[in-house]
Amino acid sequence: MTGRATKKLILILIDGLTPSMLEDTLERGVAPALGLLAEHGRYRRAITTFPSLTPVCLSALATGAHPDVHEVPHLVWYHRGERRLVEYGSSFGAVRAAGTKQSLIDTVYSLNASHLGSGAVTVYEALEDAGLTAAAINITCYRGRHAHRPTVPFLTRPAYGPSRFFFYNLFQSDVTGAPLSVRNRPRGTIDAYAAAVGRWLVTRDGFDFLVFYLSDYDYASHAQGPDAAHAALARCDDAVGALIEAAGGADEFLERYAVILCSDHGQTPVSEVARLQDAFPDALVTASNRAGMIYTDDDPAILARRLDGNPAVDAVLWRDSERFFARRGGADGDVSQLDHPDGPVRAAAALANPNAGELIVSAAAGWEFADLAGRHHAGGGSHGSLLTGDSEIPMLVVGLDVLPASIVEVMPAVLDHFAVPAPPYARTLTKA
Ligand SMILES: [Zn+2]
């Protein structure tokens, strides 16, 4: 520890917030809380992981690793060991198709208890092993060392999270009086719950590191399309404002806390839907949003050609024992030729995940792949691909030496702030 000079740190995570939406909102001066942070901080656009979908991205954020290490491959995937689908919640229909109870167990427990790679270290584990107190509100990647008993009768097992752990009323390490979260999602009740818990924690100064996860923005953005969910972002601003107010005002808040504000992925408009299953009736396909996986015993290099000329597809990826390949525009190449942001690294890491399909498909602009139940967001927004709009995230830091360029640099930046050593797989940070 570097002693009393180290401020506490809050990671504010707004699901699906695009850089352009944040930049425009700040420019217009209509978000006072976010504006305060921007005024005192440093900002850049950063890049998330691939597939750019929430469970994959939040696992990257919490572990500082791409999926080659954290091993969560997609929103929906095939579990080879258990010979079954894992569906974290593409849509209500997809959850029903995969089995509602199993989906709930996978999302609430298994993602952290067994899917998240044992070689990965979470930010909560690293900080609390160093004697600090970590707190997490609603983030689905929460693995820690403290057992928390569920607060509802339909769950029976404890979940292992950081010492201060709040997860949609299902687990609550402390009694905060926060309202029930899942009442009216379109009106932002989940974030209202997060704000109430956050206010409670800040009032008590009850953490060294807090993940304050606001998930309702992505929900609104899927329905309304990217850069249109102004009311949802205004509610995020209110939620951040509630933390500032709980600290006693702007000066007191900035005196006490350093801040990282970012999102987990971008969002792009979609108007067309493809069923990836149609091209692979002989294989197992897991598709959702703008990424798909094909699980097969056939030669992936040959199967990849089936998507030649398919307007829904931008890139098809596969690997052999030595190399990572990408097929684009009807031509085979190495992933090193991908010109997407951080493309070669992200494509190789997705393929090196032992839970990935033999083929990974990244969607073309404007297209979405229907999920298990045929659901999609055509007419709204989506994400998941390697393309820039899905992959760019806003990154704002206040009171931190490091301005992360990638989502996988956030966890090591947090550890660096507290002078806790990063895991060996983490990227070396550039200080400015
Ligand atoms: Zn989303």
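See the structure printed just above.
Residues numbered from 1 in each chain as written. Predicted model: local features only at pLDDT ≥ 70, side-chain atom pairs only at ≥ 80, totals over all residues. Heavy atoms only, no water.

### Examining the overall build of the chain
Secondary structure summary: the chain contains 15 helices and 22 strands in total. The C-alpha atoms of the chain give 20 Å as radius of gyration, which agrees with the globular expectation for 432 residues (22 Å, within 12%). In the chain, which comprises 432 residues, the share counted as buried stands at 61%. Considering only contacts within the chain whose residues lie at least 6 apart along the sequence, 69% involve residues at least 24 apart. Roughly 16100 Å² of accessible area belongs to the chain as shown, and the carbon and sulfur atoms make up 51% of that amount. Separation between the mean location of the 36 positive side-chain charges and that of the 49 negative ones in the chain comes to 5 Å. (Helix = DSSP H or I, 4+ residues; strand = E, 2+ residues; numbered from the N terminus. Rg over C-alpha atoms; globule rule 2.2 N^0.38 Å. Buried < 20%, exposed > 50% of the residue type's maximum accessible area, 1.4 Å probe, protein only. Contact = heavy atoms within 4.5 Å. Areas by Shrake-Rupley, 256 points an atom, 1.4 Å probe, with all protein chains shown as cover. Lys, Arg positive; Asp, Glu negative; His and termini not counted. Charge placed at Lys NZ, Arg CZ, Asp CG, Glu CD.)

### Some remarks on unusual backbone geometry
In this model, Phe-50 is joined to Pro-51 through a cis peptide bond whose omega is -10°. Backbone geometry places Asp-227, a non-glycine residue, at a positive phi of 60°. As for its placement among the helices and strands, Asp-227 is situated in the loop between α9 (216-224) and α10 (230-246). The residue Asn-289 is not glycine, and still its phi comes out positive at about 55°. Summarising the element assignment, Asn-289 is placed in the loop between β14 (284-288) and β15 (291-295).

### A word on the sheet that holds strand β9 (residues 171-172)
Read across the sheet, eight strands follow the order β2-β22-β11-β1-β10-β5-β8-β9 without closing on themselves; strand pairing throughout is mixed. Only two strands of the sheet have a single neighbouring strand rather than two, namely β2 (42-47) and β9. Taken strand by strand, helix α2 (residues 32-40) contacts β1 (8-14), β11 (257-262) and β22 (392-398), and its axis lies near 70° from that of β22. Across the sheet, α10 touches β1 and β10 (209-214), and the angle it forms with β10 is around 155°. (Pairing = 2+ DSSP bridges. Axes fitted to C-alpha atoms, helices over the stretch in contact; angles between N-to-C directions.)

### Details of the sheet that holds strand β16 (residues 313-319)
If you walk across this open sheet you meet the six strands as β14-β15-β19-β16-β17-β18, and the pairing is antiparallel. A single partner strand is all that each edge strand has here, and the edge strands are β14 and β18 (331-334). Direction aside, neighbouring strands of the sheet carry axes that sit 20° apart on average.

### Details of the pattern of salt bridges
A full pass over the atoms with the stated rule returns 23 salt bridges. We note a salt bridge from Glu-23 to Arg-45, for which the minimum N-O separation is 2.8 Å. Of this pair, Glu-23 sits in helix α1 (residues 19-28) while Arg-45 sits in strand β2, and the two are 22 residues apart along the sequence. Owing to a relative accessible area of 24%, Glu-23 belongs among the partly exposed residues under this scheme. Note that Arg-45 is salt-bridged to Glu-392, the shortest N-O span being 3.0 Å. Taken together, the residues Arg-45 in strand β2 and Glu-392 in strand β22 connect sequence positions 347 residues apart. (Salt bridge = Lys/Arg side-chain N within 4 Å of Asp/Glu carboxyl O.)

### Here's the deal with the packing of aromatic side chains
Tallying each qualifying case throughout the model produces ten aromatic pairs. A centroid spacing of 5.7 Å and a plane angle of 65° characterise the contact between Tyr-78 and Tyr-295, whose relative ring orientation is edge-to-face. Note that Tyr-78 is positioned in strand β3 (residues 76-79) and Tyr-295 in strand β15, a separation of 217 residues in sequence. Considered together, Tyr-78 and Tyr-295 belong to a single accessibility category, that of buried residues. (Phe/Tyr/Trp six-rings, centres within 6.5 Å; stacked < 30°, edge-to-face > 60°.)

### Quick word on the pairing of β14
Buried residues dominate β14, accounting for four of its five residues. In the sheet, β14 pairs with β15 via five bridges, with the strands oriented antiparallel. Bridge pairing links Leu-284 to Tyr-295 in β15.

### As for helix α13 (residues 343-351)
In terms of residue burial, α13 counts as a mostly covered element, since seven of its nine residues are buried. Of all the positions in α13, only Gly-343, Arg-346, Ala-347, Ala-348, Ala-349, Ala-350 and Leu-351 are classed as buried. Tucked into the core, α13 has its buried residues touching β2, α4 (67-70), β16, β17 (324-328), β19 (359-363) and α14 (388-391).

### Remarks on the nonpolar core
Ranked by internal contacts, the top residues of the largest apolar core, which has 77 residues, are Phe-209 and Leu-317. No other element matches the six residues that helix α3 (residues 54-63) contributes to this core. Aside from chain neighbours lying at most four places away, what touches Leu-317 is Phe-50, Phe-325, Ala-326, Val-335, Leu-338, Ala-347, Leu-351, Glu-358, Leu-359, Ile-360 and Leu-386. Counting 45 residues, the second largest nonpolar core, distinct from the first, contains Ala-195, Leu-243, Val-259 and Leu-396. (Core = buried A, V, L, I, M, F, W, Y, C linked by side-chain atoms within 4.5 Å.)

### Focus: the packing of helix α8 (residues 189-203) against α10
In contact at an axis separation of 8 Å, α8 and α10 are set at 15° when each is read in the N-to-C sense. By the criterion of interaxial angle, the relationship of α8 to α10 is roughly parallel. Between α8 and α10 the crossing geometry is right-handed. Contact residues: α8 offers Asp-191, Ala-195, Gly-198, Arg-199, Val-202 and Thr-203, while α10 offers Cys-236, Ala-239, Ala-242, Leu-243 and Ala-246. (Parallel < 35°, antiparallel > 145°, perpendicular 65-115°, else oblique. Left-handed = near helix turned anticlockwise from the far one by under 90°.)

### What to know about α1
Residues Pro-19, Met-21, Leu-22 and Thr-25 constitute the buried set of α1. The buried side chains of α1 occupy one side of the element, clustering within an arc of 165° when seen end-on. The secondary structure elements touched by the buried residues of α1 are α2, β2, α9, α10, β11 and β22. Gly-29 lies just past α1 and shows a positive phi near 65°. (Arc of directions from axis to C-beta.)

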